[in-house]
Amino acid sequence: MLRRHLRTSAFVTGISALALVAAACGSDAPEDASGETPTVVVTTSILGDVVENVVGDEATVEVLMPAGVDPHEFELSAAEAAQLQDADVIVANGLGFEAGMADAIDAAEEAGVPVIEVAPGLDPLPLAEGAHDHAHEEEAAHDEEASHSEEAAHDEEAHSEEGGESLDPHVFTDPARMADGVELIATSLGEEVPALAGDVVAEQAAAYAEEVRAADQAIEEELSAIPADRRVLVTNHEVFAYFADRYDFEVVGTVIPSATTLAEPSSQELSELAEVIDENDVPAIFADASSPTDLADALAEESGLDVEVVALFTESLGEPGSGAETYLDMITSNSADITAALSGS
């Protein structure tokens with residue numbers, strides 16, 4: 001079975017595609033092969049919340065990565081690998097984001113479980129220059145035995161079909177793309193699982209996509225308070241390219257010049273980044289709430305500059321009480337914190 005990569009050119013925009021699927025299946029869409037409610041296994045907490053809003057009570061959603069976990073360090077247990085094998089369909093981010101579970105996803109797919117990858121269908125951006133190579137070098141040093149298979153999986157997943165270009169998997173930092181992703185997920189679920197091809201899922205997806213778009217517009221308005229000369233970002237690692245693309249920011253530097261938090265910067269790279277912070281009068285470094293901020297803290301302290309380290313929820317939802325328990329909460333919380341840090345409010 002070929003892995004389904006969601007692509008905007010391959011579907012009819014919005015719910016019209018779902019209507020076509022529902023018509024083809026008839027009004028009494030069958031349940032899964034066992035006659036039970038279908039099970040959708042989702043790799044990340046962010047996508048888990050999105051899928052839950054799409055399917056509602058029409059399916060059981062099982063999320064592998066819990067909230068608050070660094071996805072670059074997550075490893076599947078035997079029980080979680082079995083969940084993939086037992087799923088009716090798997091929803092993954094793709095583009096190498098789930099490198100630690102790539103083998104298990106491949107095994108489930110070979111066993112006949114459909115895999116829907118979201119990021120490849122949302123007009124992915126190329127990785128920042130040098131980020132891909134740096135990530136692989138440091139991951140190999142981090143875990144020499146495990147990295148070979150994960151690196152091979154990352155190489156396979158993070159390249160475009162057109163010419164081997166390395167692509168950035170962090171599409172979820174752009175709510176406008178994710179609103180399109182909601183519709184893409186709903187369409188593909190209906191095609192892969194007949195029980196999810198009906199009007200209920202279509203209507204839920206349409207309503208949730210509108211919520212995401214409304215949040216995107218509210219965020220754009222909130223961020224407009226940041227002056228043009230302060231719309232610069234220094235982040236813990238390469239994660240905010242889509243956010244910057246959507247809201248007209250510039251990522252001027254990263255503490256870890258890589259797409260993964262497993263990498264480590266050299267002293268020369270940290271020195272060069274300190275110069276960038278000084279030249280651009282950067283008031284804040286944005287770190288990942290799910291990852292240690294030691295490097296960002298050390299850079300802020302050693303640079304001699306008055307730089308605040310602000311934790312954002314970037315690759316995982318927050319734990320209960322964090323204010324970022326859902327995707328909408330996460331993007332709203334991040335926007336508020338970025339605005340406060342860069343506008344001086």
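Engineer: A description of the pattern of salt bridges should follow, citing residues and the corresponding values.
Structural biologist: Inspection of the entire model under this criterion finds eight salt bridges. The partner of D216 in a salt bridge is R246, and the shortest N-O contact between them spans 3.0 Å. Taken together, the positions of D216 in helix 8 (residues 199-223) and R246 in helix 9 (residues 241-247) put the pair 30 residues apart, joining distant regions of the chain. Among the residues examined, D216 registers a relative accessible area of 4% and is labelled buried. Between R246 and E220 there is a salt bridge, with its nearest N and O atoms 3.3 Å apart. Of this pair, R246 sits in helix 9 while E220 sits in helix 8, placing them 26 residues apart in sequence. Within the structure, one salt-bridge network assembled from shared partners comprises D123, D174, R177 and D245.

Engineer: Let's hear about the pairing of strand 3 (residues 60-63): which residues, and what values?
Structural biologist: Where strand 2 (residues 39-42) and strand 3 come together, four bridges link them in parallel fashion. Along strand 3, the bridge assignment pairs V42 with V63.

Engineer: Please provide a residue-by-residue account of helix 8, values included.
Structural biologist: In this model helix 8 runs 36 Å from its N-terminal to its C-terminal C-alpha over 25 residues, within 8% of the 36 Å that 1.5 Å per residue would give. Among the residues of helix 8, those classed as buried are V201, A202, A205, Y208, A209, V212, A215, D216, I219 and L223.

Engineer: Describe the packing of aromatic side chains, and please don't skip the residues or the numbers.
Structural biologist: For the coordinates displayed, the defined rule picks out four aromatic pairs. Judged by centre distance (5.4 Å) and plane angle (45°), the ring pair of F243 and F249 falls under tilted. Each member of the pair, F243 together with F249, is buried. Positioned above the aromatic ring of F249 is the side chain of R231, whose terminal nitrogen or guanidinium carbon lies 4.4 Å from the ring centre.

Engineer: Lay out the nonpolar core with the relevant residues and their values.
Structural biologist: With 63 residues, the main nonpolar core has V40, L189, F249, F286, Y327 and I338 as its most contacted residues. Examining the composition of this core, we find that eight residues originate from one element, helix 8, more than from any other. The contact partners of Y327, leaving out residues within four places of it in the chain, are I46, D49, V50, F172, D174, P175, M178, Y208, V212 and L317. One finds V234, A274, V282 and I285 within the second-largest nonpolar core, a separate group that totals 15 residues.

Engineer: How would you sum up the pairing of strand 6 (residues 232-237)? Please name residues and give values.
Structural biologist: Taken across its six residues, strand 6 has six buried, putting it largely inside the fold. Handedness of the strand 6-helix 9-strand 7 (residues 250-256) crossover: right-handed.

Engineer: Explain unusual backbone geometry to me, using residue names and the numbers behind them.
Structural biologist: Unlike most non-glycine residues, D123 shows phi in positive territory, near 50°. Residue position: D123 is located in the loop between strand 5 (115-117) and helix 5 (131-142). Look at D123 and you get exposed, because its relative accessible area is 56%. Positive phi, normally seen in glycine, also occurs at D281, with a value near 50°. Mapped onto the elements of the fold, D281 is located in the loop between helix 10 (267-279) and strand 8 (284-288).

Cut-offs applied
- Residues numbered from 1 in each chain as written.
- Predicted model: local features only at pLDDT ≥ 70, side-chain atom pairs only at ≥ 80, totals over all residues.
- Heavy atoms only, no water.
- Salt bridge = Lys/Arg side-chain N within 4 Å of Asp/Glu carboxyl O.
- Helix = DSSP H or I, 4+ residues; strand = E, 2+ residues; numbered from the N terminus.
- Buried < 20%, exposed > 50% of the residue type's maximum accessible area, 1.4 Å probe, protein only.
- Pairing = 2+ DSSP bridges.
- Expected span 1.5 Å × (residues − 1).
- Phe/Tyr/Trp six-rings, centres within 6.5 Å; stacked < 30°, edge-to-face > 60°.
- Lys NZ or Arg CZ within 6 Å of the ring centre and 35° of its normal.
- Core = buried A, V, L, I, M, F, W, Y, C linked by side-chain atoms within 4.5 Å.
- Contact = heavy atoms within 4.5 Å.
- Right-handed = clockwise from strand over helix to strand, strands pointing away.

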